[in-house]
Structures are given as C-alpha cells and as structure tokens.
Amino acid sequence: MLRESAIAFGYHLNLTAIGDPSVAIGVPGGDELLRFVDALVTGCKADREDARTAIMDSLGPDCLVDAASVFGNFEMMNRVAEGTGIPVSPRAVERMKDTVELPDLDRLSTSSESH
Amino acid sequence: MTGEYCGSVFEFNGSAVPVREDLRLAYIDLWSHLGAPGPTLTGSQRVQLGAHARAVREGDTPPWVGLPDSLLKLAATLFRNPAAVDGTMVRGTADEVGDPMTVETIAVVSMLAAVDGAHRGLGAELEPLPEPAAGNPTGEVAEGLKRRRTHTPMPPGAIPVALDLLPAVGKVFRTSYGPQYMTETEMDFANFRRDPGLDRAQIEIVSSRTSFLNECFY
C-alpha cells in the first residue's frame, strides 16, 4: 500500500494529496502523476497532453507507459468492484481514513456495504 | 501471456512513447479473450457489448445489439460512470438474464476499460475492437457459489476472485493485471520498482487517485 511503499523508499508522503492534489504529495513525480490522472478523468485534450509532457520531463518515457497502464488497470478494477459489489474490507476503510474526508468515506463505505 | 494473434496488433498509433512488449502482449491476450465466445455470450455479442459501451460513452448513437436492454444499460453505465452502478441495477439485470451473463458483461466492460484507459493515457488512438471468433458460448460456469453481501455470486476472498463465477474469465482477469500493475508476487514487496519505470509508491499514487475519482476504494 502507498503508506508502506513510501516508507520503503524513504519518501515523506503526505497522503492527503490523494484527496486534494493542491497539496504536495512528497514523492518524486507524484504531483505530476496526480495531475495526469485528473487530466484523464476530467480534463480536456490539452490537459492530457500537458500532463503527459510533465511526466516525461520529470520521470521519463518509461514512467508514462507505467502510469497509463496502471490507470487502465484501475479503470478495470474499479468497474469489477462496483459491478460485483465486492465489500470494502475494514482494513481498506482504515487505510483510507487519512486520504478521504470523513463525509466522503462514510458515503463510500455505506454504499459499498449496503448490498 | 500468449500474445496469440486475434486480428489486432496494438500499434498504439499516436502514443507519445513506445510501449513495452509485455504490456502489448497482455492487451493482445485481453483482445483475444474479448473476441472469443464466453461462458454465456458469443464472440460477436461480446464485441457488440463493447461497441455499445464505447458509443454511449462518446455520446454517439450505439449500434443495434440484440441483447436485453437491462444488460446494455448495465454495460454502458459501468463503462461511463462506474459509481452509478448499484446493487439494484445489477440484481435487476441478473433477474432478467441470470448471474452468469451479468458477470460476463461486467468482465467485458471492465477489461475494455483497462485497454481504452491506457490508450487515453498514452495519447494513442483507441484500438479497433477485435474480430469476433466463431462458436457457441462455452457454458463454463462454477456451481454452488452464492452472494456474499455482494451483487453477484463469488467465492470467499478479495477482488482477484470477484469474477470466478466464470472460472476462465477470472483467470484472464488475474493474469492481466501483472503487466498492467504488479503480479501477485510483486505485490508482496513494498519496495517493488519497475526498472526502468515507476516505483511502487508512484504506482500507488496513480491507483489511489484513479480509485478516488471513480469513487471506489479499489
């Protein structure tokens, strides 16, 4: 998980950036990766091009391939989770508590566990 | 991964960068799977589901598909806005077409989202959908599974087994996320790093923000 892997690499991770990318996340290239995902989900073509360029400049072309494939993988995982309604584990809820505002966490947790 | 030819070669036209070979082969395998007969749907029906989902997402008029409306609605909603899918929608579909066809549709749309998502990330043109293979549905469905506070029947466990009502589909799903993300073995190491490429912390930033924006914990 993100917290453990950041410790493994000696990064000073600020997990709140996952929910609020205006905050610096404290991982090399991490802010560019957050903006990349935002551009893919909500941005326009120019946003996406800028985001790709930022990753290539900060991390290199191989990292852009990885970022795109991880994004695609979680587009898949999220849909499998929502479609099958697999419950959110208590561990996952605990893990997310410092990345998601409490009202959001309660809403997501409730919607996932009510079926 | 076999990278067995399915009529698609995945050239990633327009990509800003070259794509590593293991990822290309993984997508060819996914495409071969999508175009082949599944447990309850023919290859042609599976490809039509994908075309329908893509068209709805783009705001285009979807091509006619001879499948129940509830199944098409589930496919399109899951592809465009997964957070809008709930137990009522999934169970309503399953009541009409059965759990196996519902799970197969979830799998088809989800795997398509993986490939299309990566293409958007790379700035590449979307890969044309695969040519459907001939043949009847396989009928391979696991017996004895039940809902576990879930929308669909599945064995005990976490998300890797979520599609195991359809064993062959579940196997393809699990195989696919190694090249895209990490293998299950690589997930055991907090200090995993693709070389060259992202380290695990950077990978988890992408996965966490994607899930956050999709309003999903995974």
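Residue indices begin from 1 for each chain and proceed along its sequence in written order. Just so you know, chain letters begin at A and ligand numbers begin at 1, following the order they were written in. Two thresholds apply to this predicted model, a pLDDT of at least 70 for residue-level local features and 80 or more for giving and counting side-chain atom pairs, whereas whole-chain, interface and lining totals are computed over all residues. To obtain the side-chain values, all non-hydrogen atoms of the structure were used and water was disregarded.

Colleague: Run through the environment of S207 of chain B, naming residues and quoting values.
Modeller: Residue and element names in this part refer to chain B. Looking at where S207 falls in the secondary structure, it is placed in helix α7 (residues 200-213). The sequence separation of S207 and D164 amounts to 43 residues, and the corresponding C-alpha distance is 23 Å. Any pair of N or O atoms that falls within 3.5 Å is considered a polar contact. Within protein, one atom must be able to donate a hydrogen and the other to accept it, and sequence-neighbouring residues count only if both atoms are side-chain atoms. There is a polar contact of 3.1 Å between the side chain of S207 and the backbone oxygen of E204. Secondary structure elements are defined from DSSP: runs of H or I of at least 4 residues count as helices, runs of E of at least 2 residues count as strands, and each element is numbered from the N terminus.

Colleague: Got a sec to walk through the side chain of S176 of chain B? Specific residues and values, please.
Modeller: Structurally, the position occupied by S176 of chain B is in helix α6 (residues 167-180). Remark: exposure states derive from per-residue accessible area (1.4 Å probe, protein chains only) relative to the maximum for the residue type, with buried under 20%, exposed over 50%, and partly exposed in between. Classification of S176 of chain B by relative accessible area gives buried; the value is 5%. Two residues form a contact once any of their heavy atoms are found within 4.5 Å. Sequence-distant contacts of S176 of chain B, defined by excluding residues within four places in its chain, comprise M76 of chain A together with L30 of chain B.

Colleague: Just give me the short version of the environment of F10 of chain B, but keep the residues and values in it.
Modeller: All names here are of chain B. Take F10: it is sitting in the segment before α1 (21-35). Given a relative accessible area of 1%, F10 falls into the buried group. Each C-alpha atom of the pair F10 and P128 lies 9.1 Å from the other, and the pair is 118 residues apart in sequence. Leave out the neighbours within four places in its chain, and F10 touches R24, Y27, I28, W31, V115, H119 and E127.

Colleague: How would you summarise the interface of chain A and chain B if you had to cite specific residues and measurements?
Modeller: Facing 66 residues of chain A, the contacting portion of chain B comprises 73 residues. Summed over both sides, the interface of chain A with chain B buries roughly 6200 Å², with 69% coming from carbon and sulfur. In what follows, salt bridge is the name for a side-chain nitrogen of Lys or Arg lying within 4 Å of a carboxyl oxygen of Asp or Glu. Two residues, R209 of chain B and D38 of chain A, come together in a salt bridge whose shortest N-O distance is 2.7 Å. Sorting the residues of the side of chain A that touches chain B by element identifies α1 (2-8), α2 (30-42), α3 (45-58), α4 (61-84), α5 (90-96) and α6 (102-113) of chain A as the ones contributing at least two each. Per element, the largest residue contribution to the side of chain A that touches chain B is 24 residues, and it comes from α4 of chain A. Buried area counts how much accessible surface, traced with a 1.4 Å probe, disappears from two parts once they are put together, with both parts' losses summed.

Colleague: Describe the confidence of the model for chain A, naming the residues involved and giving the relevant values.
Modeller: Looking at any residue, its pLDDT shows the predictor's confidence there, from 0 to 100. Confidence along chain A averages 86 in pLDDT terms, with 77% of residues attaining 70 or more. Low confidence marks residues 105-115 of chain A, where pLDDT is under 50. Its contacts with residues over four positions away, or in another chain, come to 20 contacts.

Colleague: Help me get a handle on the packing of α2 of chain A against α3 of chain A, residues and values and all.
Modeller: All names here are of chain A. Where α2 meets α3, the closest approach of the two axes is 9 Å, and the angle between their N-to-C directions is 155°. One element, α2, and the other, α3, form an angle in the roughly antiparallel class. In the crossing of α2 with α3, the sense of the turn from one axis to the other is left-handed. Here α2 contributes E32, L33, R35, F36, A39 and L40 to the contact with α3, which in turn contributes D47, R48, A51, R52, A54, I55 and S58. In terms of residue class, the contact of α2 with α3 is built from 7 nonpolar, 1 polar and 5 charged. To obtain each axis, a line is fitted to C-alpha atoms, and for helices this fit is confined to the stretch in contact; angles are then taken between N-to-C directions over 0 to 180 degrees. Angles below 35 degrees are treated as roughly parallel, those above 145 as roughly antiparallel, those between 65 and 115 as roughly perpendicular, and all remaining angles as oblique. Two helices crossing with the near one rotated counterclockwise from the far one by less than a right angle form a left-handed crossing, whereas a clockwise rotation gives a right-handed crossing. Each residue gets one label: Ala, Val, Leu, Ile, Met, Phe, Trp, Tyr, Cys and Pro are nonpolar, Asp, Glu, Lys and Arg are charged, and the others, such as Gly, are polar.

Colleague: Residue-level account of the domain arrangement of chain B, with values.
Modeller: Domain limits in this description derive from either an automatic procedure or a database domain assignment. Domain parsing of chain B yields domain 1 (21-140) and domain 2 (184-218). Its C-alpha centre places domain 1 of chain B at a distance of 25 Å from the equivalent point of domain 2 of chain B.

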